[in-house]
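Now for the letters of each chain:
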Amino acid sequence: MLKTMDNVTSQKRAEITDRLAKRDEERLNELEKRKQERGNDLSTLEGAKYFLENFNKEKCDILNSLEKIDNLSKDERLNEFDKISQKLQSLQKFHADSTMFLPSYDVRQSQEALGVLQTRVQEKRDELFPKKKFAFSSKKKLSSKVETEPVPSIVDNSVDIRLSQCSIQKSSHECIEMSENTVFKEDVSLIDNNFCTIKVFGAPSTVHMKNLENCIILVGPVSSSVFISDCKKCTFVIACQQLRTHSTVDSKFFLHVTSRAIIEDCEQLRFAPYSLSYPNLDMHFVTAGLDKSKNNWNDVDDFNWLACDVHSPNWSVMKEEEKEEFKF
């Protein structure tokens, strides 16, 4: 009997010891967890501090470069602005890569600062390299060659499209290339062409397209806007800041747009991400001042569709079987 009681006492003592050991283990685990959480909070604070210090340093460096660029010669300005554009794109990438560990307040503040900086850079770009002014006159006979001299404009009641110094018109069943030196910071016009493949290398300022049918248009990064009107059964491969498309039907868009795409009086448009590759493409993104990491290809604003809760029937995301890769 005494032996049985000793066994029970030993068993209870063992159970109590196990519970105490378990409780102590849980306490140690909780302490370790809190220690790790404090360490993570500290890492976040240190990461945010590192980001803000470097972000502000690079931002000030770009602003200082913008202030000093007026004192340079024309050739030096061009080289310096290329450097500024590269710094801006690097800063945009640094910001995009850092948002995962930044507090939401720092993300909002740095986004606003980056937007202001982009505006300053664009304003200085427009000041140093102003776009050519358009003048409107009556319709003239168009050439089928790439123009290098000023040509008359054409006027249409539906949309303002003007022939620029770099233009391709009245071509049919041709494959045409416009070189980087030809289009650099120029306004490009593609008018009245059908069954053509047109390749635009480099970084033009703007691109205007009108009355194209069954054409494939491959365009490198455009520093401002692309305007398209009255086109049918075309494939457009475009990178730009803003896209405006008017009276265009049954066409495909492989698009990189940092602002937004706007359509009006259009039908059967399909959109997919930009899929063009060629040597120096990354450099042309920098030259054009486009953020390669930001692409709103599927954010399309249809001016003819006012319902917010129903998708516009005039455009759609491209089906996988329609998607293509373009290389040259």
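Cut-offs and rules
- Residues numbered from 1 in each chain as written.
- Predicted model: local features only at pLDDT ≥ 70, side-chain atom pairs only at ≥ 80, totals over all residues.
- Heavy atoms only, no water.
- Phe/Tyr/Trp six-rings, centres within 6.5 Å; stacked < 30°, edge-to-face > 60°.
- Buried < 20%, exposed > 50% of the residue type's maximum accessible area, 1.4 Å probe, protein only.
- Helix = DSSP H or I, 4+ residues; strand = E, 2+ residues; numbered from the N terminus.
- Pairing = 2+ DSSP bridges.
- Expected span 1.5 Å × (residues − 1).
- Core = buried A, V, L, I, M, F, W, Y, C linked by side-chain atoms within 4.5 Å.
- Contact = heavy atoms within 4.5 Å.
- Salt bridge = Lys/Arg side-chain N within 4 Å of Asp/Glu carboxyl O.
- Axes fitted to C-alpha atoms, helices over the stretch in contact; angles between N-to-C directions.
- Parallel < 35°, antiparallel > 145°, perpendicular 65-115°, else oblique.
- Nonpolar A, V, L, I, M, F, W, Y, C, P; charged D, E, K, R; others polar.

### Some thoughts on the packing of aromatic side chains
If you walk through the whole model with that rule in mind, you get seven aromatic pairs. The structure contains a cluster of three or more aromatic residues connected by ring pairs, namely Phe236, Phe253, Phe271 and Trp315.

### Side note on the pairing of strand 1 (residues 166-169)
Here strand 1 shows no split at all, with Cys166 and Ile168 on one side and Ser167 and Gln169 on the other all buried. Across four bridges, the pairing between strand 1 and strand 3 (residues 187-194) is parallel. In the strand pairing of strand 3, Ser167 is matched with Ser189.

### What about helix 3 (residues 104-128)?
Between its first and last C-alpha atoms helix 3 spans 36 Å; for 25 residues at 1.5 Å apiece the expected length is 36 Å, and the two agree. Buried within helix 3 we find Asp106, Val107, Ser110, Leu114, Leu117, Val121, Gln122, Lys124, Arg125 and Leu128.

### Some words on the nonpolar core
Membership of the largest hydrophobic core comes to 36 residues, with the highest contact counts inside it found for Met209, Phe236, Leu243 and Phe271. Looking at which element gives the most residues to this core, the answer is strand 9 (residues 249-264), with five residues. The residues contacting Phe236, other than those within four sequence positions of it, are Met209, Leu212, Ile217, Ile228, Cys231, Ser251, Lys252, Phe253 and Phe254.

### Comments concerning helix 2 (residues 74-98)
Since the α-helix turns once every 3.6 residues, residues separated by three or four places project in the same direction. Along its 25 residues, helix 2 runs 36 Å from first to last C-alpha, staying within 8% of the 36 Å computed at 1.5 Å per residue. Every buried residue of helix 2 is listed here: Glu80, Phe81, Ile84, Ser85, Leu88, Gln89, Leu91, Gln92, His95 and Ser98.

### Brief notes about the pattern of salt bridges
Scanning the entire structure with this criterion turns up 12 salt bridges. A salt bridge links Asp61 to Lys87, with the shortest nitrogen-to-oxygen separation between them at 3.1 Å. Of the two residues, Asp61 is situated in helix 1 (residues 2-68) and Lys87 in helix 2; the sequence distance between them amounts to 26 residues. Residue Asp250 is joined to Arg270 by a salt bridge in which the shortest nitrogen-to-oxygen separation is 2.9 Å. Of this pair, Asp250 sits in strand 9 while Arg270 sits in strand 10 (residues 267-273), placing them 20 residues apart in sequence. With a relative accessible area of 22%, Asp250 lands in the partly exposed category. Residues joined by salt bridges that share partners form a network here, namely Lys233, Asp250, Arg270 and Glu322.

### Observations regarding the packing of helix 2 against helix 5 (residues 281-288)
One way to put it is that helix 2 packs onto helix 5 with a least axis distance of 8 Å and a crossing angle of 100°. In terms of axis orientation, helix 2 runs roughly perpendicular to helix 5. Contacts between helix 2 and helix 5 involve Asp82, Ser85, Gln86 and Gln89 on the former and, on the latter, Phe285, Val286 and Thr287. Here the contact of helix 2 with helix 5 is composed, by residue class, of two nonpolar, four polar and one charged.

By themselves these figures say nothing about function.
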